Amino acid sequence: MKKKILIVDDEPNIVMSLEYTFKKQGFEVFIARDGSEALEILKHHTPNVVLLDIMMPNVDGYQTLTFIKETESLKHIKVVFLTAKNKASDVEKGLSLGADKYLTKPFSVKKIVSEIQELVT
Amino acid sequence: MNSYAVIIIIIIYLAMLFYIAFLAEKKRQSKWVNNPYVYTLSLAVYCSAWTYYGSLGIAANSGIHFLPIYLGPVIAAPLWIVVLRKIIRISKQHKISSIADFISLRYGNNRFLGALVTVICLFGTLPYISLQLKAVSETFEIISGDNSYVSTTVIDDSTFYIALLLAIFAAFFGTQNTDASEKHKGIVATVALESMLKLLFFLAIGTYITFYLFDGTSDIYEKISVTDNFKELTTLGKVEDGFNWFFMIALSFMVVFLLPRQFQVAVLENNREKHLKKAIWLFPLYLLLFNIFVIFIAWAGKLTFGSTENAEYYTLLLPLEHGNTFLATLVFLGGFSAVISMVVVSTLALSTMVSNNLVIPYGFLDKFIKNQPERNSKYIKTIRRVSIFTIIIAAYFFYVIFSKALSLYSIGLISFVIISQLAPSFFIGLYWNRGSSKGAIIGMIVGFCVAIYTLVLPFTLEAYTGTDDFRQYGLLGIEALKPYALFGIDFLSPPAHAFFWSITFNLFSYLMFSLMSKGNYRERNYAEMFVDSKNFTNLQDNALVWKGEAYVADIKNVLARFLGEKRATRALKIFFTKYKLSQDTQLADARLINFSEKLLTGSIGSASAKILIASVVKEEQISLVEVLKILEESKENIVSNKVLLEKSNELSQLTSQLKEANEELIDKDKQKDEFLDTVAHELKTPITGIRAAAEVILDDEEMPKEIKAQFLKNILQDSDRLGRLINNILDFEKLETGGLHLDLQPQDIQKTIGKAIASVSQIAAKKEVLIVNNNMHPFVINYDEDRILQVLTNLLSNAIKFCETKTGKIIVDYKIGNQVVEISVADNGKGIPEEDFIYIFDKFYQSKNQNTRKPEGSGLGLAITKQIVEKHKGKIWAKKDIKNGATLVFTIPFE
């Protein structure tokens with residue numbers, strides 16, 4: 001069965017690289033430009049993992065994560081932060097909110113893929 | 001009874017008293033000597049021969065008028081707990097040795113005042129002692145049945161020898177110690193015993209007469225009630241008599257505090273203040289017992305003898321009449337006891353005053369300074385002994401000259417009136433700190449003179465001249481100056497009259513001169529100590545302004561002369577320990593001066609002590625100039641305090657400013673951190689895009705061509721964005737730090753707007769957005785065209801960004817206002833949310849509403865725009881209340 005991933009980021013160029021790579025790896029990929037779009041998608045689909053940016057317009061990454069982790073039907077979904085915020089305090093905050101992994105930008109696409117693979121198998 | 005037998009009885013009795021006094025001195029600490037009963041009984045020294053014999057005379061002749069003399073003390077007794085306690089406390093603190101010392105210290109150790117009080121006490125007490133001698137002499141004659149023989153010379157007058165015996169007794173026990181403030185336990189013990197005996201014997205004779213000779217009180221009453229002037233004897237009489245009673249009660253009220261012998265036993269010989277508690281009810285009880293039988297004995301005597309000629313001695317005459325010699329002897333001994341205690345205590349008190357307040361300060365002081373300690377102490381004792389003998393002998397001569405003609409009662413009252421002259425300065429001085437030495441001295445002298453004029457002069461002149469012209473017609477025949485009816489007041493008895501006028505003059509002089517003249521600092525200081533005696537220690541140690549120089553060694557020498565080397569050393573050691581000073585302190589301070597004066601006061605009186613200590617102290621009078629200087633100094637202190645306060649205020653103001661600045665700095669620092677954070681974040685985003693795309697292309701060799709092209713296009717886009725971002729950041733930084741210099745040139749604003757529209761026309765066309773240039777009139781002002789172009793381009797690209805494709809429309813317009821050009825860029829896009837109005841010019845603000853793709857904005861555009869406009873001294877804002885779209889306006893001022 002195909003693994004499903006939801007990529008949430010407001011930077012289309014970054015999303016494009018990630019989308020291409022994960023599709024090649026056999027994932028079913030959903031794209032959201034911000035938190036509100038992501039929550040809309042989560043109404044109809046249940047991905048195995050959500051790759052989540054933090055700094056986004058409207059609903060940001062923290063709010064999205066909190067929503068996922070507090071919703072009974074969603075809280076089993078793995079959430080990975082992918083953000084340019086790399087201060088220790090940011091990492092701590094992200095993990096304490098319930099993120100399964102915290103990855104920082106700029107990133108190696110291969111590394112992201114292996115981290116996600118590790119999480120969903 | 002044979003007169004020799006009487007003398008032998010007297011000698012045996014005196015020997016017994018000597019023995020008891022000796023025992024008491026030996027066992028000074030025994031509770032037989034130190035208890036409230038002994039204290040109360042010693043107070044009964046008040047009841048002298050005057051009480052023992054004199055009351056009967058009054059009771060027989062004029063009825064109950066003997067009573068006021070006892071009512072005064074009875075009224076005074078409850079007040080002792082307050083007044084007498086205060087006096088005792090002050091006296092102990094200052095080692096007071098007599099009432100003269102007490103008063104003189106209150107008025108600043110005034111030497112003259114001490115001497116004056118002593119003289120008044122001498123005048124007041126001499127007749128009193130002579131009264132006692134008269135009583136002894138007359139009772140001696142009665143008891144020995146020898147009334148035929150009248151002595152013509154001193155040598156064969158038994159009274160003289162009895163007086164000498166009394167003097168020896170007083171001298172022996174009264175001068176054991178140089179320090180007169182030490183307790184005289186021996187004398188007090190004998191006085192207490194005598195008080196007990198005289199009461200017992202008086203009650204015994206009262207019982208004997210009333211119940212043995214007569215059939216009880218009602219029997220006497222029935223028999224006397226039928227006699228002629230019975231009514232007069234048992235009523236108070238008219239209003240005038242009421243006045244007499246009032247003044248007599250007031251008089252005795254005062255003298256129970258002031259009589260030297262009362263002051264001696266009540267204050268100086270007091271061991272514990274709590275003894276007062278018992279005394280305040282026991283002493284009135286004693287007086288009551290003493291007066292129970294007086295009226296009945298008087299009536300019994302009157303009924304028995306018919307005449308009242310010798311009424312004073314009814315207690316002796318009645319038992320003798322009935323052949324009861326034994327009881328008569330007891331009565332005689334009771335009277336003798338009353339005499340001894342009064343004479344001994346009075347002479348003791350007076351001799352202390354005479355030596356400490358009269359002789360030493362006015363004559364012998366220089367001699368003392370040169371003498372050896374042992375000799376000094378001997379000298380002081382000698383002075384006191386000589387004083388005792390002199391006083392008693394003087395009293396004897398007073399008796400010989402005057403007293404024979406006067407009754408016991410009238411002599412007693414003369415004493416009282418004279419002694420009462422101390423009252424205003426004594427009582428008021430205790431509670432009123434304004435009372436001054438000048439007022440006290442003048443009051444006493446005036447009062448004393450009035451008392452002499454109205455009471456003593458009439459009978460002395462009568463005794464000398466043999467006529468009563470003075471009494472009858474007044475001085476020089478002036479009616480208003482009649483001694484017994486001064487200024488027309490003729491309804492009072494002579495003593496009440498004399499008391500009224502003397503005390504009135506005394507009081508008014510005291511008050512007037514006290515109010516008129518303020519004492520010196522020393523006097524005011526002592527006044528404060530007396531009035532506020534509870535706060536004594538503080539006042540003594542701190543308040544005395546003392547300026548001078550003295551060496552401890554000198555002071556010690558003076559102390560050693562009077563106390564002996566050993567005691568002086570010990571006293572200084574105690575002093576240094578108490579005040580935590582080094583034992584080898586060289587220079588004396590005010591406290592040591594006070595301490596030494598106090599130590600010496602007991603031996604030589606406070607006035608002399610002050611003079612003595614002053615002799616080794618280079619005491620400088622504090623001049624007015626110096627006082628002013630002290631005041632000036634404190635004023636300077638106040639001023640400098642004020643300056644200090646101002647400085648401190650300034651400082652706290654500065655501190656708060658600094659705090660503000662610091663907070664601002666922290667704020668700025670935080671802002672800078674945030675800025676750097678944001679910049680880093682913004683830079684990372686395109687780099688991430690570039691890196692990811694490059695990696696994807698590199699790793700996928702079989703990537704379809706058009707996808708690869710898209711990725712490469714993304715890389716280019718992100719690289720452009722990066723470049724733009726870096727430029728903007730640099731721009732912004734330059735503007736922010738003020739490093740930008742405007743190239744101000746006259747330019748046509750209409751042309752500049754045209755250029756700006758042209759530069760964005762391509763993106764506008766791409767999005768099919770219409771840009772309208774509304775105002776085509778040229779207008780030239782000074783500005784940096786490149787920078788204003790940057791502003792306009794920025795505003796236009798923002799407008800295009802927010803406009804809908806195809807329907808978008810942007811209108812650029814400008815208006816000329818008051819010395820200002822107002823340029824506006826209006827679009828019909830989504831508009832700016834109200835809550836964002838204040839943020840849109842912040843760096844890295846990006847609207848949530850923007851619907852273009854991200855790479856096109858840097859987040860610094862409007863922030864930079866604002867900087868440029870402000871650099872031109874213009875303003876930039878977003879117009880409020882726009883129905884659709886957004887309108888941004890900026891101004892450029894011109895002259």
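In this report, we go over the structure that sits alongside the text. All of these numbers come straight from a predicted model, not from anything done at the bench.

1. A closer look at the overall build of chain B
Alright, step 1. The number of helices and strands found in chain B is 34 helices and nine strands.
Alright, step 2. Across the 895 residues in chain B, those meeting the buried criterion constitute 45%.
Alright, step 3. In chain B, the share of contacts with a sequence separation of at least 24, taken over all contacts with a separation of at least 6, comes to 81%.

2. Some details on the packing of helix 12 (residues 239-258) of chain B against helix 23 (residues 494-516) of chain B
All names here are of chain B.
Alright, step 1. For the pair helix 12 and helix 23, interaxial distance at closest approach is 9 Å and the crossing angle is 65 degrees. In this structure, helix 12 crosses over helix 23, and the sense of that crossing is left-handed. For the pair helix 12 and helix 23, contact is made by F243, N244, F247, M248 and L251 and by A496, F499 and F500, respectively.
Alright, step 2. Taken together, the residues of the contact of helix 12 with helix 23 break down into seven nonpolar, one polar and no charged.

3. Quick look at helix 7 (residues 111-143) of chain B
Residues and elements named next belong to chain B.
Alright, step 1. Over its 33 residues, helix 7 runs 47 Å from end to end, which matches the ideal 48 Å to within 8%, given 1.5 Å per residue.
Alright, step 2. Of all the bends found along helix 7, the most pronounced is centred on T125 and spans about 25 degrees, while P127, a proline, follows it within four residues.
Alright, step 3. Helix 7 sits mainly inside the fold: 28 of its 33 residues count as buried.
Alright, step 4. Among the residues trailing helix 7, G145 stands out with phi positive, at a value near 65 degrees.

4. Describing the sheet that holds strand 9 (residues 887-893) of chain B
Residues and elements named next belong to chain B.
Alright, step 1. Here five strands make up an open sheet; going across it, the order is 4-6-7-9-8 and the pairing mixed. The sheet is open, and its two edges are formed by strand 4 (770-773) and strand 8 (876-878), each paired on a single side. On average, each strand axis in the sheet is tilted by 15 degrees relative to the strand beside it, whichever way the strands run.
Alright, step 2. Bridge count for strand 7 (residues 820-827) against strand 9 is seven bridges, and the pairing is antiparallel. Residue pairing in the sheet places I823 in a bridge with F890 of strand 9.
Alright, step 3. The strands touched by helix 32 (residues 749-766) are strand 4, strand 6 (809-817) and strand 7; relative to strand 4, the strand with the most contacts, the crossing angle is about 175 degrees.

5. As for the interface of chain A and chain B
Alright, step 1. Facing 20 residues of chain A, the contacting portion of chain B comprises 18 residues.
Alright, step 2. Here the side of chain A that touches chain B takes eight residues from helix 1 (residues 12-24) of chain A, the largest share from any one element.

6. Remarks on the environment of B:E269
Residue and element names in this part refer to chain B.
Alright, step 1. With respect to the element layout, E269 can be found in the loop between helix 13 (260-268) and helix 14 (275-292).
Alright, step 2. Here the alpha-carbon distance between E269 and V188, two residues 81 residues apart in the chain, equals 7.5 Å.
Alright, step 3. Discounting chain neighbours no more than four positions away, the residues touching E269 are S42, K183, H184, V188 and Q264.

7. Topic: unusual backbone geometry
Alright, step 1. Note the cis peptide between A:K105 and A:P106, where omega equals -10 degrees.
Alright, step 2. Within the secondary structure, A:P106 is located in the loop between strand 5 (101-104) and helix 5 (109-120).
Alright, step 3. Even without glycine at this site, B:E768 takes up a positive phi of about 55 degrees.
Alright, step 4. Taking the C-beta count within 10 Å as the criterion, B:E768 has 12 such neighbours and is therefore assigned exposed.
Alright, step 5. Phi is positive for B:Q819, close to 55 degrees, though the residue is something other than glycine.
Alright, step 6. By secondary structure assignment, the location of B:Q819 is in the loop between strand 6 and strand 7.
Alright, step 7. The class for B:Q819 is exposed, based on 10 C-beta atoms found within 10 Å.

Cut-offs used in this document
Residues numbered from 1 in each chain as written. Chains lettered and ligands numbered in written order. Predicted model: local features only at pLDDT ≥ 70, side-chain atom pairs only at ≥ 80, totals over all residues. Helix = DSSP H or I, 4+ residues; strand = E, 2+ residues; numbered from the N terminus. Buried ≥ 20, exposed ≤ 12 C-beta atoms within 10 Å, placed from the backbone. Contact = placed C-beta atoms within 7 Å. Axes fitted to C-alpha atoms, helices over the stretch in contact; angles between N-to-C directions. Left-handed = near helix turned anticlockwise from the far one by under 90°. Nonpolar A, V, L, I, M, F, W, Y, C, P; charged D, E, K, R; others polar. Expected span 1.5 Å × (residues − 1). Bend = angle between axes of the 7 residues up to and from the residue. Pairing = 2+ DSSP bridges.

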